[in-house]
Amino acid sequence: MPSQTVTVGSRVGLHARPAALIAEAVGKAGVPVTLATPGGNPVDAGSPLMIMTLGAQKGAEVTVTSDDAAVVERIAGLVAADLDAE
């Protein structure tokens, strides 16, 4: 299963706004996507609340996993972006 590990780019981590934007993109992708921190359990990236439970702050590593490599690339790009700047 394709996966990619990226560093969280949002200034205050994966809080409400970035989590909502990521979950929205996952919903539009139409395939399951999970996010996980090192040593942690994967969570459903289609749920903003589940994303926030990761507690991932700026600079934390997060692994994005899905059956669709293009979706992994797209969601990994969002996790790495500063979504608070938009």
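Above: the structure in question.
Residues numbered from 1 in each chain as written. Predicted model: local features only at pLDDT ≥ 70, side-chain atom pairs only at ≥ 80, totals over all residues. Heavy atoms only, no water.

When the terminal C-alpha atoms of helix α3 (residues 69-80) are compared, their 16 Å separation across twelve residues agrees well with the 16 Å that a helix rising 1.5 Å per residue should span. All of the buried residues in α3 are Val71, Val72, Ile75, Ala76 and Val79. End-on, the buried residues of α3 take up no more than an arc of 130°, which puts them together on one face. The secondary structure elements touched by the buried residues of α3 are β1 (3-7), α1 (16-29), β2 (33-36) and β4 (61-66). N-cap assignment for α3: the residue whose side-chain oxygen lies 2.9 Å from the backbone N of Ala70 is Asp68. (Helix = DSSP H or I, 4+ residues; strand = E, 2+ residues; numbered from the N terminus. Expected span 1.5 Å × (residues − 1). Buried < 20%, exposed > 50% of the residue type's maximum accessible area, 1.4 Å probe, protein only. Arc of directions from axis to C-beta. Contact = heavy atoms within 4.5 Å. Polar contact = N/O pair within 3.5 Å; in protein donor to acceptor, adjacent residues only side chain to side chain.)

Bringing the pattern of salt bridges into the picture now. This structure, assessed with the given rule, holds two salt bridges. Where Lys28 meets Glu24, a salt bridge forms, and the shortest distance between an N and an O atom there is 3.4 Å. Taken together, the residues span about one helical turn, with Lys28 and Glu24 both in helix α1 at a distance of four residues. The exposure class assigned to Glu24 is partly exposed, which follows from its relative accessible area of 43%. (Salt bridge = Lys/Arg side-chain N within 4 Å of Asp/Glu carboxyl O.)

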